[in-house]
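A closer look at the structure
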Amino acid sequence: MKAYPTDVALSELDADLVAVGLFEDEALGEPLGSVPGAGDASGEFKSRVTVYPGKPERVAIIGLGDRAEFTAERARVAGAVSQAALKAVKGEALAWLLPEVDDPGVIAAALIEGATFASFDFDRFRTGSDGAAAPPELKSIEVSSPADIAEAVTVGEAVGNAGNRARYLQSLPANVATPAFLAERAEEIAADHDAVTAEVLDRDGIIAAGMGGLEAVARGGEDVEPRLITLRYRGGGSGGTLGLVGKSVTFDTGGISIKPSAGMHEMKMDMSGGAAVLEAVAAIAELGLGIELIAVLPATENMPSGTALKPGDIITQLNGKTVEVTNTDAEGRLILADALVHCAREGADRMVDLATLTGAVVIGLGSTYAALISNDDDLADELTAAGESSGELVWRLPLHDEYKQLTKGSITDLVNASAERKAGTIYAGSFLEEFTEGKPWAHVDIAGTAWDTGREYWGKGPTGFGVHLLVALARRLNQ
Ligand code: BES
Ligand code: MN
Ligand code: ZN
């Protein structure tokens, strides 16, 4: 999808469908107000009425609701409604006449994001009938406003496309999106951007580096080899290096502590943190933001086999701490632990990890907020603000010494899971804190927000949650 700013009048907009916003209790301007059918438009949030003024041919009047309640998040939803109207007429080119609002750039970007997200369709494995024309897809969005929205349009385009690329990676099954596949995507991003480089370790490299957690989890996979992927973006700036870590378990069976079979196929999405980090780096590089990044993806399957890690096994993580693995299904924290240590040692001044880490977060926060756990108030506040502006919301949970005590081992430094089912999400965060090398760090548990949120612009399936959050964070740190 390509997005363009313009300042032409409604009658000059040339697209398969032109969207116009209408607030509740406000009147449509002329000449649109007198077009037959236009009187049916109420302005009710999410409503849509299509009319045919002649020039342009087709206009969808999208209800924006109460002006006082209109936000960027509502604009994303309005963007999704406009995409539905475009799809209904099998169109590929969308245009928006931006409503008069206080923050035109913010609203323009949000409309583009919402429309782009709503256009996502994972159709790679649908074979279709021979000779059938390719289904229409959203190819362009033109946004018209008298204000200078050029930069915002670029951001909306980058975020929308990057989010959909992450969703594509999430959707790919584990027999396609292997650790090696993710490494190839990282190398592709490096090839596309001069300021990005990629480095990849294979199983031997992981073992030689001393990444005992990643080595242990990867031991169950017999022919799918793990990768430790490091991407660097050198965008300059004076804010130091931001470390990003993304859990990349390409399939989580639970290992020997195997999961129940119902719904297990969805565990192909256990690499959602890694997908979001990869595509966020690509978007940040595309936007040329003035920030230094180092992104680390520990990528492996979590499989049961004759060679697999067993409950009770003791491992040594990269920083020397020992862990008794009481549950092989708590694998994410083992691989993230090594990745965080590696990220800090490679030069991160502060770190953010994204991970589909616990079922407990789904119980606690559902699909609306991701859990945020942090040892640093400034970083936590930056992420919270980035969540508000991006719509990828985070809610902070506490750290406390009493939680930390739960993670202590009797024969090792740590145990990866406790029989007491207390504060599962915080337990995982407390465990990770042991591997932050004294750096400001924030952990975002996206197990509830990465898939099937049902939010209007994402619908069922993958969300790419984290891409926009990280781009918004990088934009804040860039200023
Ligand atoms: N990948 C799962 C968490 C998950 C759950 C992701 C639901 C997406 C949706 C993680 O590796 C896991 O299995 N966590 C266990 C930890 C437990 C054994 C301590 C969990 O939450 O049940
Ligand atoms: Mn697991
Ligand atoms: Zn997992």
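A brief structural summary. Throughout, residues of each chain are indexed from 1 in the direction in which the sequence is written. Both sets of labels track the order of writing: A upward for chains, 1 upward for ligands. Under the rules for a predicted model, residues below a pLDDT of 70 receive no local features and side-chain atom pairs below 80 are neither given nor counted, while totals for whole chains, interfaces and linings still include all residues. The basis for the side-chain values is all heavy atoms of the structure; hydrogens and waters are excluded.

Here we look at the layout of surface pockets
As a reminder, the rule being used: Using a grid of 1 Å spacing that covers the protein atoms alone, one calls a set of points a cavity when a 1.4 Å probe fits there but cannot get out, and a pocket when the set is open and has protein on both sides within 12 Å along at least five of seven lines; lining residues are those with an atom within 4 Å of a point. Grid points are joined across faces, edges and corners, and a volume is the space filled by probe spheres set on the points. Helix and strand definitions here come from DSSP, where helices need a minimum of 4 consecutive H or I residues and strands a minimum of 2 consecutive E residues; each element is numbered from the N-terminal end. Just so you know the grouping, Ala, Val, Leu, Ile, Met, Phe, Trp, Tyr, Cys and Pro go in nonpolar, Asp, Glu, Lys and Arg go in charged, and all remaining residues, Gly too, go in polar.
If you add up the space inside the largest pocket, you get close to 1100 Å³. Around the largest pocket sit 39 residues that line it, and Lys259, Leu357, Thr358, Gly359 and Ala360 are the ones nearest its centre. Elements with a contribution of two residues or more to the lining of the largest pocket: helix H9 (360-365) and helix H12 (424-433). Here the lining of the largest pocket takes four residues from H12, the largest share from any one element. Grouping the constituent residues of the lining of the largest pocket by class yields 17 nonpolar, 10 polar and 12 charged.

Brief notes about the sheet that holds strand E1 (residues 2-6)
Note the cut-off: At least two bridges found by DSSP between two strands are what make those strands a pair. As a rule, the C-alpha atoms of each element are fitted with a line to give its axis, helices using only the stretch in contact, and angles between N-to-C directions run from 0 to 180 degrees. Here, two residues are considered to be in contact whenever any of their heavy atoms come within 4.5 Å of each other.
With mixed pairing, six strands are arranged side by side in an open sheet as E1-E6-E5-E2-E4-E3. Because the sheet does not close on itself, it has two edges, and the strands there are E1 and strand E3 (48-51). Averaged over all pairs of adjacent strands, the angle between their axes in this sheet comes to 25°, without regard to strand direction. Here five bridges tie strand E5 (residues 93-97) to strand E6 (residues 140-144), and the two strands are oriented parallel to one another. The residue bridging Leu94 from the neighbouring strand is Ile141, located in E6. The strands touched by helix H1 (residues 72-88) are strand E2 (17-23), E3, strand E4 (59-65) and E5; relative to E4, the strand with the most contacts, the crossing angle is about 155°.

Side note on the pattern of salt bridges
Our working definition: Salt bridges, as used here, are contacts in which a Lys or Arg side-chain nitrogen is within 4 Å of a carboxyl oxygen on Asp or Glu.
If you walk through the whole model with that rule in mind, you get 28 salt bridges. Of the charged contacts in the structure, one is a salt bridge between Arg67 and Glu26, with a shortest N-O distance of 2.7 Å. On the criterion of sequence distance, the pair formed by Arg67 in the loop between E4 and H1 and Glu26 in the loop between E2 and E3 is long-range, its members being 41 residues apart. For Asp270, the salt bridge is made with Lys247, and the minimal N-O distance between the two is 3.2 Å. Of this pair, Asp270 sits in the loop between strand E10 (248-252) and helix H7 (272-287) while Lys247 sits in the loop between strand E9 (241-246) and E10, and the two are 23 residues apart along the sequence. Where salt bridges share partners, they join Glu73, Arg76, Glu113 and Arg455 into one cluster.

Points about the coordination of the manganese ion (ligand 2)
Filter applied, for reference: Listed donor atoms are N, O and S within 2.8 Å of the metal (Na, K and Ca: 3.2 Å). As water is not included, a site may look incomplete. By the criteria applied here, four donors are tetrahedral when all angles lie between 85 and 135 degrees, four are square planar and six octahedral when opposite donors are over 155 degrees apart and every other angle lies between 65 and 115, and any other arrangement is irregular. The cut-offs for exposure are 20% and 50% of the maximum accessible area for each residue type, with area from a 1.4 Å probe on protein chains only; residues under the lower value are buried, those over the upper are exposed, and the others partly exposed.
Looking at the metal site, the manganese ion (ligand 2) is ligated by Asp252 (OD), Asp329 (O), Asp329 (OD) and Glu331 (OE), spaced 2.1 to 2.2 Å from it. Classification of the site at the manganese ion (ligand 2) as irregular follows from its six donor atoms and the range of 71 to 168° in their angles at the metal. In this structure, the manganese ion (ligand 2) is positioned 3.2 Å from the zinc ion (ligand 3), and both are ligated by Asp252. A relative accessible area of 22% means that Asp329 is categorised as partly exposed. Look at Glu331 and you get buried, because its relative accessible area is 1%.

Section: the site of ligand 1
We apply this condition: A molecule or strand has a residue near it when one of that residue's heavy atoms lies within 4 Å. Identification of polar contacts relies on pairs of N or O atoms within 3.5 Å, with a donor-acceptor requirement for protein atoms, meaning one able to donate a hydrogen and the other able to accept it, and with residues adjacent in sequence counted only if both atoms are side-chain atoms. Here the accessible surface of atoms and residues is derived via Shrake-Rupley with a 1.4 Å probe, and residues count as covered only by protein chains that are part of the display. Any molecule with more than half of its atoms within 2 Å of a cavity's or pocket's grid points is regarded as sitting in that cavity or pocket.
Around ligand 1, a shell composed of 16 residues is seen, among which Lys259, Asp270, Asp329, Glu331 and Gly359 lie nearest. Between ligand 1 and the protein, one listed contact pairs an oxygen atom with a side-chain N or O atom of Asp252 at 2.9 Å. Contacts to ligand 1 include Leu357, whose backbone N or O atom sits 3.3 Å from a nitrogen atom. The fraction of the free accessible surface of ligand 1 (530 Å²) that becomes covered by protein chains is 77%. Of the pockets mapped on this structure, ligand 1 occupies the largest pocket.

Structural notes on helix H10 (residues 377-390)
So the rule is basically this: A helix's residues, less one, multiplied by 1.5 Å, set its expected span. To obtain the arc, one takes the directions from the helix axis to the C-beta atoms.
Compared with an ideal rise of 1.5 Å per residue, which puts 14 residues at 20 Å, H10 spans 20 Å between its outermost C-alpha atoms and is within 8% of the ideal. Residues of H10 that are buried include every one of Leu379, Ala380, Leu383, Ala386, Gly387 and Ser390, and no others. Buried positions in H10, seen along its axis, are confined to an arc of 125° and lie on one side of it. Structural note: H10 exposes Asp378, Asp381 and Glu388 on the side pointing more than 90 degrees away from its buried face. Buried-residue contacts for H10 involve H1, strand E14 (350-355), strand E15 (370-374), strand E16 (394-396), strand E18 (441-445) and helix H13 (467-478). Its side-chain oxygen placed 3.3 Å from the backbone nitrogen of Asp378, Asp376 serves as the N-cap of H10. Directly after H10, the chain includes Gly391, whose backbone phi takes a positive value near 85°.

Digging into the sheet that holds strand E12 (residues 314-316)
In a beta sheet, neighbouring strands are held together by backbone hydrogen bonds and run either parallel or antiparallel to one another. As summarised here, the arrangement of the three strands in space is E12-E13-E17, forming an open sheet in which the pairing is mixed. In this open sheet, the two strands that pair with only one neighbour each are E12 and strand E17 (414-415). Where strand E13 (residues 322-324) lies against E17, two bridges are found, and the strand directions are parallel. Paired with Val323 across the strands is Leu414, a residue of E17.

Details of the coordination of the zinc ion (ligand 3)
Of the protein atoms, only Lys247 (NZ), Asp252 (OD), Asp270 (OD) and Glu331 (OE) coordinate the zinc ion (ligand 3), at distances of 2.0 to 2.4 Å. All donor residues of the zinc ion (ligand 3) come from one chain, and their arrangement in sequence is K-x4-D-x17-D-x60-E.

Re H1
For H1, built from 17 residues, the straight-helix expectation of 24 Å at 1.5 Å per residue is met to within 8% by its first-to-last C-alpha distance of 24 Å. For H1, the buried fraction is high: 12 of the 17 residues fall into the buried class. Every buried residue belonging to H1 is among Ala72, Ala75, Arg76, Val77, Ala78, Gly79, Ala80, Val81, Ser82, Gln83, Ala85 and Leu86, and all of these are buried. Count one or two residues on from H1 and you reach Lys90, which has phi positive near 55°.

Some words on the pairing of E6
When you tally the buried positions in E6, you get four out of five residues, the bulk of the element. Inspection of the sheet shows E1 paired to E6 by five bridges, in the parallel sense. Paired with Tyr4 across the two strands is Glu142, which belongs to E6.

Digging into unusual backbone geometry
Most of the time, phi is negative for any residue but glycine, and the peptide bond is trans. Pro31 follows Glu30 through a cis peptide bond whose omega is 10°. Turning to its location among the elements, Pro31 is positioned in the loop between E2 and E3. At the junction of Lys55 and Pro56, the peptide bond is cis and its omega measures out at 0° in the coordinates. Its identity as a non-glycine residue notwithstanding, Ala423 has a phi of 45°, on the positive side. The backbone of Asp452 sits at a positive phi, close to 55°, despite the residue not being glycine. With respect to the helices, strands and loops of the structure, Asp452 is situated in the loop between E18 and H13.

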